[in-house]
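Residue-level listing of the chains:
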Amino acid sequence: MTTSESNGFSADEKAAMKQRAAELRSTKGLKGAAKQARELEACVDAIDALAGIDREVATTFHRVVAEEAPDLRPKTFYGFPAYADADDKVVMFVQPKSKFDTRYPTVNFDEKANLDDGDMWPTSFAVVAVTDAVEKRLRALVKQAVA
């Protein structure tokens with residue numbers, strides 16, 4: 001058994017945890033506008049570092065969130081472009097496929113998102129192409145999530 005198998009975390013997962021710790025350290029002691037500016041910069045940098053479909057999805061989602069949910073604040077969450085509410089709780093984020101070498105990027109909604117629909121509902125959406133229909137669906141999901 002390798003070291004990563006013995007403690008349950010892969011090298012990618014460990015890297016994500018280290019990235020999250022670095023995110024928290026980068027805003028330590030900052031408040032208000034200074035913290036929000038640093039978090040926005042980190043979010044934009046995370047998007048700019050992506051390529052291909054990952055960047056296309058993240059860029060589109062960033063624009064959609066800015067237009068449909070302007071009260072959410074851009075930040076990063078384990079290195080992912082993310083959007084948080086006034087309580088600094090992540091509501092939604094993009095997980096690039098390149099992060100964990102998966103087949104497609106996903107748009108994800110956390111517990112704070114108002115997507116509840118009966119006893120079961122989706123909270124993660126795979127995106128294989130950014131089309132007008134996909135953007136329209138993303139807009140509807142973002143609107144519902146913050147309603």
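Please refer to the structure higher up on the page.
Residues numbered from 1 in each chain as written. Predicted model: local features only at pLDDT ≥ 70, side-chain atom pairs only at ≥ 80, totals over all residues. Heavy atoms only, no water.

Draft legend 1. Spatial organisation of helix H4 (residues 52-68). End to end, H4 covers 24 Å across 17 residues, agreeing with the expected 24 Å (1.5 Å per residue, within 8%). Of the positions making up H4, those classed as buried are Ile-53, Asp-54, Val-57, Ala-58, Thr-60, Phe-61, Val-64 and Val-65. Residues of H4 that are buried make contact with helix H3 (32-48), strand E2 (80-84), strand E3 (90-95), helix H5 (97-100), strand E4 (106-109) and helix H6 (132-146). (Helix = DSSP H or I, 4+ residues; strand = E, 2+ residues; numbered from the N terminus. Expected span 1.5 Å × (residues − 1). Buried < 20%, exposed > 50% of the residue type's maximum accessible area, 1.4 Å probe, protein only. Contact = heavy atoms within 4.5 Å.)

Draft legend 2. Broad picture of the nonpolar core. Residues Phe-61, Val-65, Tyr-83, Met-92, Val-107 and Phe-109 are the most contacted members of the largest nonpolar core, which totals 25 residues. Secondary-structure elements contributing two or more residues to this core are H3, H4, E3, E4 and H6. With 6 residues, H4 is the largest single contributor of residues to this core. Contacts of Phe-109, omitting those with residues within four sequence positions, involve Phe-61, Val-91, Met-92, Leu-115, Thr-123, Phe-125, Leu-141, Val-142 and Ala-145. Core analysis: the next-biggest nonpolar cluster, separate from the first, contains 5 residues, Phe-77, Phe-80, Ala-82 and Phe-93 among them. (Core = buried A, V, L, I, M, F, W, Y, C linked by side-chain atoms within 4.5 Å.)

Draft legend 3. Layout of the pattern of salt bridges. If you walk through the whole model with that rule in mind, you get 12 salt bridges. Between Glu-135 and Arg-139 there is a salt bridge; the shortest N-O distance is 3.0 Å. Linking Glu-135 with Arg-139, this pair stays in helix H6, spanning 4 residues, or about one helical turn. (Salt bridge = Lys/Arg side-chain N within 4 Å of Asp/Glu carboxyl O.)

Draft legend 4. Representation of the side chain of Asp-54. Its place among the elements puts Asp-54 in helix H4. Side-chain polar atoms of Asp-54 contact the backbone nitrogen of Lys-97, separated by 2.8 Å. Discounting residues that sit within four places of it in the chain, Asp-54 has contacts with Pro-96, Lys-97, Ser-98 and Pro-105. (Polar contact = N/O pair within 3.5 Å; in protein donor to acceptor, adjacent residues only side chain to side chain.)

Draft legend 5. The packing of H3 against H4, seen in detail. Packing of H3 against H4 brings their axes to within 9 Å, and their N-to-C directions diverge by 145°. Mapping the contact onto sequence places Leu-40, Cys-43, Val-44, Ile-47 and Asp-48 in H3 and Arg-55, Ala-58, Thr-59 and His-62 in H4. Its residues assigned to classes, the contact of H3 with H4 shows 5 nonpolar, 2 polar and 2 charged. (Axes fitted to C-alpha atoms, helices over the stretch in contact; angles between N-to-C directions. Nonpolar A, V, L, I, M, F, W, Y, C, P; charged D, E, K, R; others polar.)

Draft legend 6. Inspection of unusual backbone geometry at higher detail. One non-glycine residue, Tyr-78, lies in positive phi territory at about 60°. Looking at the secondary structure, you find Tyr-78 in the loop between strand E1 (73-77) and E2. A relative accessible area of 30% means that Tyr-78 is categorised as partly exposed. With a phi close to 55°, Asp-101 is a non-glycine residue in the positive phi region. Relative to the assigned elements, Asp-101 resides in the loop between H5 and E4.

Draft legend 7. The environment of Asp-54, seen in detail. According to the relative accessible area criterion, Asp-54 is buried, its value standing at 3%. The spacing of Asp-54 and Tyr-104 is 50 residues in sequence and 8.1 Å in space, taken between C-alpha atoms. Side-chain polar atoms of Asp-54 contact the side chain of Ser-98, separated by 2.8 Å.

Draft legend 8. Local environment of the side chain of Thr-60. Take Thr-60: it is sitting in helix H4. Taking the relative accessible area as the measure of exposure, Thr-60 reaches 8% and is therefore buried. With near-sequence residues (within four places) excluded, Thr-60 lies in contact with Val-130 and Glu-135.

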